[in-house]
Structures are given as structure tokens and as C-alpha cells.
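Read off the chains here:
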Amino acid sequence: MDFTLEMELKSDTLPGQAESYGRYISKEITTDKFGIPYIPARRIKGILRKNAFYLKLYLNFDVDEIFGKVGMYQEFFRISNGYIKNYWKIRNLLQSIKSNNIDLESKQKLNIIFSRERIIDLFTIIRTQTKIENYMTGVADEKSLRTSRLLKKGLRFMFTINISDEKIEDDNDFFEDLKKICSVSRHFGSNRNRGFGNINLKIEKKPDSNTNKPDIQEKKSSSLIEEILNLNDQNYVELNFDLFNTEPLIITPYVGLKNKTAFFIPGTMILGVLAYKFIKINRLKKNAHENQDFKEIFLEDNVIFSNFYPIDSFKEIKNRSLPIPKSLCKLKYGDEFLNLINQDLPLDKNFSDLEGFCYNNKIFEVNKSDLVNLNTSVNYHFQSSKDKSIGSALEGEQNFFQYESIDPGYHFSGKIYGKSYYIKKLLEIFEEKNSTLVKIQLGKSRSAQYGNCILQIKNYFVKNNRENRKDQKVNRFIIYLESDMILLNSYGHPEPNPKILTETVEDKIGIEKNSLEIHKQYIDKIDVGGFSGIWGLPKIQYPALKKGSILLIESKQKIEISKIKELHLGIKTNEGFGKIQLSQLSDDSGLKLNISKLKDQSKDEFRLQEIKDFLISIFDNYIIDRVNELAYTKSSKYKRNYSISELTRLKTLIIDLDDDSALKNKFNALSKNGFKKFKPFHNLLYLKSSNQNIEDITFNVEIKKIVTNDILNTLNNRFSDLIENELFTFNLFKYYKNYYLKVLKILEWNLKKR
């Protein structure tokens, strides 16, 4: 069951973070890649857990049982990161600005308007502190100045708390106990004994649908689910899924990757999380292996859960990426790519190996823009003492660690294969009837801050109904490993040997032994492992051929590629291991691989009205910056003599005014009262009139140009079908007032410098 936790900042707040940027900011806040701040779930979970410990004598549950402990398999309590209202709508808008379907000038202006620094400044404030060396003299201690960036007072962050349905059923008073814990949680973050971090927490039973759910388009009709449910049970079905991570991901499928993430989601994890959902929904508990459906779906090879690889989600055609073949290399000092399968490495050039994934339907026709680039962050954490009555870790306790994680907001694509009977059973895990979406948690530390994802069915294929395209029989072809492969030798031991691979292919396609000869090979090896939560022990480690490995094969007898295009070889194939593609070698492009294309169901729509307040704040910030630049430019050229008293008189004219008509009246009265030196300031303050009549002044002309050219015209170029000028109204007098006072302030500074 989901609950909404709202945090209101009653004072400026600094969420603890062991990270700083450069020399200027000593203590930073946590932001996403666009500069939007968020509250990491671990920060608030630690506060709730600590207060629960203090109240444990008055509560009806065990603190460790609810909030978790090291090695715990079943999670009763999970909390998401805290985001501002309409976070995903704002984020999607900012992401769309990076698209290439607008002119260069508009794109540059939008990047300036929505710069990361501007967005950070919108939500934060800078504070400086120092330490007094001697309280008698009041002198600051040397090198004690610290600058911190704090979240502004008044911000509200929304968290989603998920409590196991079993726990709610077993303990009817649990929600009331949780409300008590929230009510005593009044402080948060660093320096909370110095006035920072006063908060107010409010928890409600209804889930928040506005903040923590991204704008993922779901089919309103139930036709897709109904079509699958009406299939013949014996049909072999391939379900295509998209996966969207709403929180950072820590994926560690390889041995030695303890704190460093991989850039794909293994089929093992997909199998595990869906099996966990299946157990919960069917209430199988520890006897799941005795259930016939569970055994056939998850423990045998009847259903295959493929790896999920990144997809290019901001293009009309969403290409699923694939591992870069090991035969592909790149010129070290340039953007030239070389395919070593059909040519040799030039001796006069230096090439470097490529790792990762790339988008393309012809894997060797790639350039720099085809390479997958997932942003990662290094997150730092402090571990409190095991003795909860102590605020910090004791000497000798490990109290600092770090994780590298994939940033939120990425899309991955994968498949699940199996007979229709098993696929129908899998649909039971979806929380709402006829829904194509299900929420899951993946990877490490998924009880707080990491791992929250949304899994969505995109479409399906019935393999029996596919038309087999007949290819010409060939003697020369390529074996490409789409996923890691675990092979067993004749003694039953795992051995990552390419020769065993060719022997397995021979056996699979039914040709004579030793018919396949390896002409070229570009392979890599890796150790795969993992951790079993239910046992609290590491899984068996296997040496494997790494995904992307590639072999050029010459066969003694001709083979028809289309009939054996996609195979799963080796062991653990139901977990995504052993997926290969057999393809013919093409003279023009090297290797043609079968990368599925999923049509974008609907274009991204950004409901600007819902994030109007955010946009107005950003536009205000940008216009004021431009107005200040204008003030500096104009005032630097002003060479006339003036005095502080004259500047002060001009300043008092406008400080309390709210509209331009009142300012005109004051200017008119000032001129009639004989302020002789007032006229030289006309041009500097943009007080232009054609007939020397103060009523004809047009001091908003320059400001209006900034608003029209930089804001409205640029937005119309990018969102012409979604925005109307009437959506945004601008108070031009407010900007002019800022310009007027800034000019006088600069003149005052210049006078003091003399």
C-alpha cells in the first residue's frame, strides 16, 4: 500500500551530503542533472528510523523489522526520493529542450534560459559561516570560512512510502504509529542545531500521483491485455517491454563490481523481481517452489527473461541499443570507426577499444552520436553507529561508503519469451486489471533512494504467425553474442571457450561436428555472479564469454541464416544468458543485426499550464539577469557629473511605486519643481519622449524587446502547437524598476571608487 509523505521546509535547509563543487561551495545540496533539487530517501529514512527507536517503548512494532537491517530479504517499508510538485513534467520539458528539431538560435536561447545554474538558484540560497577564534576579541578563526548552499524556506517535497500489505493487515495500528513518528520528526539535515532544517512532516493514505509518477503514456484501452489473454495457450509469445527508472539504479551483475554500476539490467534481476511479485500476489511465501505455475515459469526454461538495454527514448523511432561488438574500435584522435571483422588494423594509426552500447540497426555503421551515453553519479553515505542511542559511528566502525549509480530518467527495453499459458500467468503481477504498467524495484539499496522503476508492456508478437524470410544459404557468417554466455565443457564445468560455442551451435542446428571453423574472433571474458537475498549468500560465480564478443565463421556446408537467426545457448538461458545472433557478412556495412524498432505511440506533450509557476520564476530570473546586463552596459558609459544626493532623490522616486503611471506623475512633478539636473538622466534611465513631454515617456521599450524576442518568440518556435502568448503575462514595470535601481546603484559604486 502506498502513502504520501509531504515535507515542508520551515527554515532554510541543508540535506547532508559528503560532496562539494570547486572552491566556492563547501557544502552542496543534491540535485539532478538539470539542477532540480531533491531529497535523497536515505536522509529522511534515517531520521524516521532514529525517532522510531526513541519511541519504540510506545509503538507496537520492531524497528529493525520495519525499517530493515543488513541482509534482510523481505522489505516491509520502502520510501522514494522526495521531489517537488510536478517534478517529472518539469524534467521532461527540460529534456525536450535538448532535442535537435529547432533552429540553433532558439536552442541556444533556451539553453541559457533553462541553464542548470539558473534552476539551482531558483530553489536555493547561499549562506556563509565562520568560526570565532576568540570570543573576547570576536576575531574569526583563520581558514574557517564555509559557504553552503541551502534549500529555501517554504519548499515542499513529496515522498511515496510503500508498506507491505501483509504488515498493514497484521498490524491495524501501524499507520497511526507511523504518524506519531512523523509528528516528532521536526529537524532534518546539517546544522540543525543552528536554525537550519526545521521541517513539518504530514503523511496521508492516498498516494501522490502528481510528483513521483513520470509522464508515461499508457494505453487507455484494455485491448492489448485482452488480445494476449485470448491467445491460444500453446502459442509462443514474445512480449516487448519498456522500463523507466524514476530513481538512480545500482546494477552489479559482475564479480568485482561492488560499488560501480553496469549500464544494463540483467534478465536475472527481471526474473527475480517478477518472481517476488508473483509470490506476493499469490501468497506463496516460502513454499513458492512447490507451486506448479511458479516452478514452470521461474525455475525451468519455459520462459526466457532477456536483458534490458538502453533505448533512445527521445526520437520518434525508439531504437533498442545493443552491446558494441568487440571487433569495433575507434581512432584515438578522431571519430573514425573501424570494423576488424572485414578489415585489418592499420599499422600507422592508433585505435582504442570500445565498451558499452550503441543505437543502430546496422551495428557497424555507427558514429559518435550512435554511442549510448548514460549519465552516472557518485553518491556518498554515512553509516550511523549500531548503537542507536549514539548519534554518530564509533571509532573503528565503517561509517563512510559510496555508490556509483545510473541517473534517473532513462528508458530500457527488453523481452520476455514463452508459451502463451505462462505469459498469461505473468500478467497477474500487474497491480490494476487491464493495466500495462507495474512498479518494481531493482538493484542495490532499493528500500530507499535507489531502484524504483516502472515496467510497461509495449507490444507483443506471436512467433507462430511470423513470416520466415528465406535468405540465401551461406558458407560464411558471423556469431554475435547479444548477452553474456555461460558454456559447459564435456566435464560439466563452466569454460568460456569459443570452440565450445561453435560445437554447441553445430549441435543446435543439426550439422556435422567440426563443420564450423573460426576464421576470426574478438572476444572478452568476465565473471558473473550476484547475491541471493532469500539465502543471504552470494550466488555461484561463473566465468562467461562477455556480451559483444564476435566470431567470423566459415562452414563446410551451407547454412540458411533466417531459420536459426536467434538462439539461446549454454546454461541459465531463462535469465537472459546465451542470446546470440547469426548474421551474414555484408560487403557494404559489415554486420546487419536484428535490432527491434518500436514505434513511438504518442509524442511527448508538456502541459505547460501545470508548471506555469515554475516557468514564470525561470523567466523572471532570466529577464532580471538581462536587465542587469543592460544596466551595467548603460551606466558604464555615463560620464556626466552627479552627486550622492541626486542619486538618492532619484532612488526615492520609485522605491514604493507599483505601476508606471505613478512614476510618470512623479517625474512630471520633479521637472516642474526645478530639478535641473534631472534631464541628463533621461537617456540613461530610458526616459525618452518625442515632444519633451514627460507623459510621452516609453521606458518599457527595451524591456519589452527582451521579453518578446528572448521568451515569447523562442517558446513559440519550440512549442508552437502547445503554447499561446496569453499563457504568460509579464509585469514590465517590475523589470524596469529593477533596471532603474540597478543603474543608480552602479553610479553610486562608481562615485565611491573615485
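Computed from a predicted structure; not experimentally measured. (Residues numbered from 1 in each chain as written. Predicted model: local features only at pLDDT ≥ 70, side-chain atom pairs only at ≥ 80, totals over all residues. Heavy atoms only, no water.)

*Asks:* Help me out: how do you make sense of the nonpolar core in this one?
*Replies:* Across soluble globular proteins, nonpolar side chains show a tendency to be buried alongside one another. Grouped together as the largest cluster of nonpolar side chains are 98 residues, with contacts concentrated most on Leu5 and Phe114. Here the element with the most residues in this core is helix H17 (residues 732-753); it accounts for ten residues. Those residues within four positions of phenylalanine 114 in sequence are excluded, and the remaining contacts are Leu94, Ile97, Ile119, Phe614, Leu615, Ile618 and Phe619. Ile228, Leu271, Val372 and Leu442 belong to the second largest nonpolar core, which has 64 residues in total. (Core = buried A, V, L, I, M, F, W, Y, C linked by side-chain atoms within 4.5 Å. Buried < 20%, exposed > 50% of the residue type's maximum accessible area, 1.4 Å probe, protein only. Helix = DSSP H or I, 4+ residues; strand = E, 2+ residues; numbered from the N terminus. Contact = heavy atoms within 4.5 Å.)

*Asks:* Any chance you could explain the packing of aromatic side chains here in plain terms?
*Replies:* The way to describe two aromatic rings as a pair is by their centre distance and the angle between their planes. As enumerated under the stated definition, the model contains 23 aromatic pairs in all. Ring geometry for phenylalanine 264 and phenylalanine 357: centres 6.2 Å apart, planes at 55 degrees, overall tilted. Highlighted residues: phenylalanine 264 in the loop between strand S9 (236-245) and helix H9 (267-282) and phenylalanine 357 in strand S17 (residues 357-358), separated in sequence by 93 residues. With a relative accessible area of 3%, phenylalanine 264 lands in the buried category. Exposure remark for phenylalanine 357: the relative accessible area of 6% places this residue in the buried category. (Phe/Tyr/Trp six-rings, centres within 6.5 Å; stacked < 30°, edge-to-face > 60°.)

*Asks:* How should the sheet that holds strand S8 (residues 199-204) be read in this particular structure?
*Replies:* Sheet strands pair via backbone hydrogen bonds, and the direction of the pair is either parallel or antiparallel. The sheet built from four strands is open, its strands ordered S2-S7-S1-S8 with antiparallel pairing. At either margin of the open sheet sits one strand with a lone partner, and together these are strand S2 (77-79) and S8. With direction set aside, neighbouring strand axes in the sheet form an average angle of 25 degrees. Pairing between strand S1 (residues 2-9) and S8: six bridges, direction antiparallel. Bridging across to S8, threonine 4 finds its partner in glutamate 204. With respect to the sheet, helix H1 (residues 41-54) is in contact with S1, S2, strand S7 (156-163) and S8, its orientation differing from that of S2 by roughly 135 degrees. Against the sheet, helix H7 (residues 174-184) makes contact with S1, S2, S7 and S8, and its axis sits at roughly 170 degrees relative to S8, the strand it touches most. (Pairing = 2+ DSSP bridges. Axes fitted to C-alpha atoms, helices over the stretch in contact; angles between N-to-C directions.)

*Asks:* Would you take a moment to explain the pattern of salt bridges for this structure?
*Replies:* Oppositely charged side chains are able to pair whenever their charged atoms sit close together. By the definition in use, this model includes 27 salt bridges. Linking lysine 424 and aspartate 233 is a salt bridge whose minimum nitrogen-to-oxygen distance equals 2.8 Å. In this pair, lysine 424 sits in helix H11 (residues 420-426) while aspartate 233 sits in the loop between helix H8 (223-229) and S9, placing the two residues 191 residues apart along the sequence. Residue classification places lysine 424 among the buried residues on the basis of a relative accessible area of 17%. Residue aspartate 233 is classed as partly exposed on the basis of its relative accessible area of 32%. (Salt bridge = Lys/Arg side-chain N within 4 Å of Asp/Glu carboxyl O.)

*Asks:* Help me out: how do you make sense of the packing of helix H14 (residues 644-654) against H17 in this one?
*Replies:* Any two packed helices are characterised by the angle at which their axes cross and by the distance between the axes. Between H14 and H17, the shortest axis-to-axis distance is 10 Å and the interhelical angle comes to 165 degrees. It follows that H14 is roughly antiparallel to H17 by the angle criterion. Both H14 and H17 take part in a crossing whose hand is left-handed. Of H17, the residues touching H14 (which contributes Ile644, Leu647, Leu650, Lys651, Leu653 and Ile654) are Phe733, Tyr736, Lys737, Tyr740, Leu741, Leu744, Leu747, Glu748 and Leu751. Each residue belonging to the contact of H14 with H17 can be placed in one class, and the counts come to twelve nonpolar, no polar and three charged. (Parallel < 35°, antiparallel > 145°, perpendicular 65-115°, else oblique. Left-handed = near helix turned anticlockwise from the far one by under 90°. Nonpolar A, V, L, I, M, F, W, Y, C, P; charged D, E, K, R; others polar.)

*Asks:* Sorry if this is basic, but what is going on with empty space enclosed by the protein here?
*Replies:* Gaps between atoms show up when a probe of the same size as a water molecule is rolled over them. Scanning the entire structure with this criterion turns up four cavities of 30 Å³ or more. Taken as a whole, the largest cavity holds about 80 Å³ of empty space. Along the walls of the largest cavity sit Ser306, Asn307, Tyr309, Arg320, Lys415, Tyr417, Glu482, Ser483, His568, Gly576 and Lys579, which together make up its complete lining. In terms of residue class, the lining of the largest cavity is made up of two nonpolar, five polar and four charged. (1 Å grid on protein atoms, 1.4 Å probe; cavity = no way out; pocket = protein on both sides within 12 Å on 5 of 7 lines; lining within 4 Å. Points joined across faces, edges and corners; volume = space filled by probe spheres on them.)

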